[in-house]
Amino acid sequence: MIKVNGLSFTYPGTDAPTLKALNFDIKRGEIFGFLGPSGAGKSTTQKIMYKILHHFEGEVLIDDKPLSKWGKEYYARIGVGFELPNHYLKLTARENMALFASFYPKKQIQDIPQLFEMVGLEADIDKKVEAYSKGMKMRLNFIRALLHNPEILFFDEPTAGLDPMNAKKIREHIIQLKNQGKTIFITTHNMYTADELCDRVSFIVDGALQITEPPATLKHNYGRDVVRVDLEDKQSAEFPLQGLGQNPQFLAFLNQAPLLRINTLEATLEEVFLQVTGKALKI
């Protein structure tokens, strides 16, 4: 669905490029993530792809068509969930959505009250947005991106500013969108969000991509193939995962006291990021 070759971008008035020859592709129906710290170039990449930033170097193809060749019809195919709330504060939430709906073909528009119900805002649909909390505005951002039932979705830090319960609901909705066949590009510095949602992630640091793999592959390749066993008497030990069920030391250790827990010691995405890039994720 999306192919990017040699994408570079330098903001006017600056000498150093923000993006440095990025190469990646996003398959139709895939959730693809850019994982990196603030200022790495994640949002800049998305802004190019939804045509807010222009004059880039390289090639961006959307459904095998150069981005520059797409006209206004492109915006009916994409939905954008911005990192920060972006609404008309003096209008009600319903009025905001009705205004945005007027930009798109009527046949694409989804049932607006149902969208509000989906994110738990049905009781607040006729409140002015200035009365919304940040978390409520972020949920309004989310459903605004879905309003016209787009094929491609761009989410920039989709769970930022949300409490754990609503962040979980948004992640679940994103997975449902994938199951509907949507192509989804997420940028985040939240390791948990990327790990739970993305089919593949790219690590981006200082405008350059370091590696692209499925999260499970990264955690396996950079983790340890061992398990840690904790007993109720506070004894702990580690054993190789290979041949664990036939390991006499492992079986003997289990008989010393009641079992408290067994954990694999695969790396987290944040640990992998540090190993690959040499930088902490949250900087």
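Just so we're clear, the structure is a prediction, and the values are computed from it rather than from any experiment.

Comments concerning the nonpolar core
Thought 1: Among the nonpolar cores identified, the biggest contains 43 residues, and Phe116, Leu140, Phe142, Phe155 and Ile174 are the most heavily contacted of them.
Thought 2: Counting residues per element, this core draws most heavily on helix α4 (residues 134-146), which supplies seven residues.
Thought 3: Beyond its immediate stretch of four places on either side in the chain, Phe142 contacts Met118, Val119, Phe155, Ile170, His173, Ile174 and Leu177.

Focus: the sheet that holds strand β8 (residues 183-188)
Thought 1: Ordered in space as β6-β7-β8-β3-β9-β10, the six strands form an open sheet in which the pairing is mixed. Across the chains shown, the open sheet's two edge strands, defined by having one partner strand only, are β6 (78-81) and β10 (208-213). In this sheet, neighbouring strand axes are inclined to one another by 15° on average, regardless of whether the strands run parallel or antiparallel.
Thought 2: Alignment of β6 against strand β7 (residues 152-156), held across four bridges, turns out to be parallel. Looking at the pairing, Val80 lines up with Phe154 of β7.
Thought 3: Helix-sheet contacts for helix α1 (residues 42-49) involve β3 (31-35), β7, β8 and β9 (200-205), and the interaxial angle to β8 is about 150°.
Thought 4: Contacting β3, β7 and β8, helix α5 (residues 164-179) runs over the sheet at an angle of about 150° to β8.

Topic: the side chain of Thr45
Thought 1: As for its placement among the helices and strands, Thr45 is situated in helix α1.
Thought 2: The buried category is assigned to Thr45, whose relative accessible area is 0%.
Thought 3: Dropping the residues within four chain positions of it, Thr45 is found in contact with Leu7, Leu19, Leu22, Phe24, Phe34 and Phe185.

Side note on helix α2 (residues 93-101)
Thought 1: Listing the buried residues of α2 in full gives Ala93, Asn96, Met97, Phe100 and Ala101. For α2, the angular spread of the buried residues around the axis is 135°, confining them to a single face.
Thought 2: Residues of α2 that are buried make contact with α3 (112-118) and α4.

A short note on the sheet that holds strand β12 (residues 236-240)
Thought 1: One open sheet accounts for three strands, arranged β12-β11-β13; its pairing is antiparallel. Looking along the sheet, the strands with just one partner apiece sit at the ends: β12 and β13 (259-265). Across this sheet, the average inter-strand angle for adjacent strands is 20°, counted without regard to direction.
Thought 2: Here five bridges tie strand β11 (residues 224-231) to β12, and the two strands are oriented antiparallel to one another. Pairing of Val229 across the sheet is with Ala237, part of β12.

Some points on the packing of aromatic side chains
Thought 1: Evaluation of the coordinates by the stated rule reveals 18 aromatic pairs.
Thought 2: On the numbers, 5.8 Å between centres and 45° between planes, the contact of Trp70 with Tyr74 is tilted.
Thought 3: Look at Trp70 and you get buried, because its relative accessible area is 10%.
Thought 4: On the basis of relative accessibility, which here comes to 0%, the residue Tyr74 falls in the buried class.
Thought 5: Put simply, the rings of Phe24, Phe32, Phe34, Tyr50, Phe82, Phe154 and Phe185 pair up and form one aromatic cluster.

Observations regarding the packing of α2 against α4
Thought 1: Interhelical geometry of α2 versus α4 gives an angle of 25° and a closest axis separation of 10 Å. Relative to α4, the element α2 is oriented roughly parallel. The interaxial crossing formed by α2 with α4 has right-handed handedness. Each of Ala93, Met97 and Phe100 in α2 lies in contact with α4, whose residues at this interface are Leu140, Ile143 and Arg144.
Thought 2: Residues belonging to the contact of α2 with α4 are distributed by class as follows: five nonpolar, no polar and one charged.

Regarding the environment of Tyr104
Thought 1: Checked against the element boundaries, Tyr104 lands in the loop between α2 and α3.
Thought 2: Since its relative accessible area comes to 22%, Tyr104 is described here as partly exposed.
Thought 3: Through-space distance from the C-alpha of Tyr104 to that of Glu117 is 22 Å; in sequence the pair is 13 residues apart.
Thought 4: Excluding residues that lie within four positions of it along the chain, Tyr104 makes contacts with Tyr75, Ala76, Ile109 and His148.

Rules used in this analysis
Residues numbered from 1 in each chain as written. Predicted model: local features only at pLDDT ≥ 70, side-chain atom pairs only at ≥ 80, totals over all residues. Heavy atoms only, no water. Core = buried A, V, L, I, M, F, W, Y, C linked by side-chain atoms within 4.5 Å. Buried < 20%, exposed > 50% of the residue type's maximum accessible area, 1.4 Å probe, protein only. Helix = DSSP H or I, 4+ residues; strand = E, 2+ residues; numbered from the N terminus. Contact = heavy atoms within 4.5 Å. Pairing = 2+ DSSP bridges. Axes fitted to C-alpha atoms, helices over the stretch in contact; angles between N-to-C directions. Arc of directions from axis to C-beta. Phe/Tyr/Trp six-rings, centres within 6.5 Å; stacked < 30°, edge-to-face > 60°. Parallel < 35°, antiparallel > 145°, perpendicular 65-115°, else oblique. Left-handed = near helix turned anticlockwise from the far one by under 90°. Nonpolar A, V, L, I, M, F, W, Y, C, P; charged D, E, K, R; others polar.

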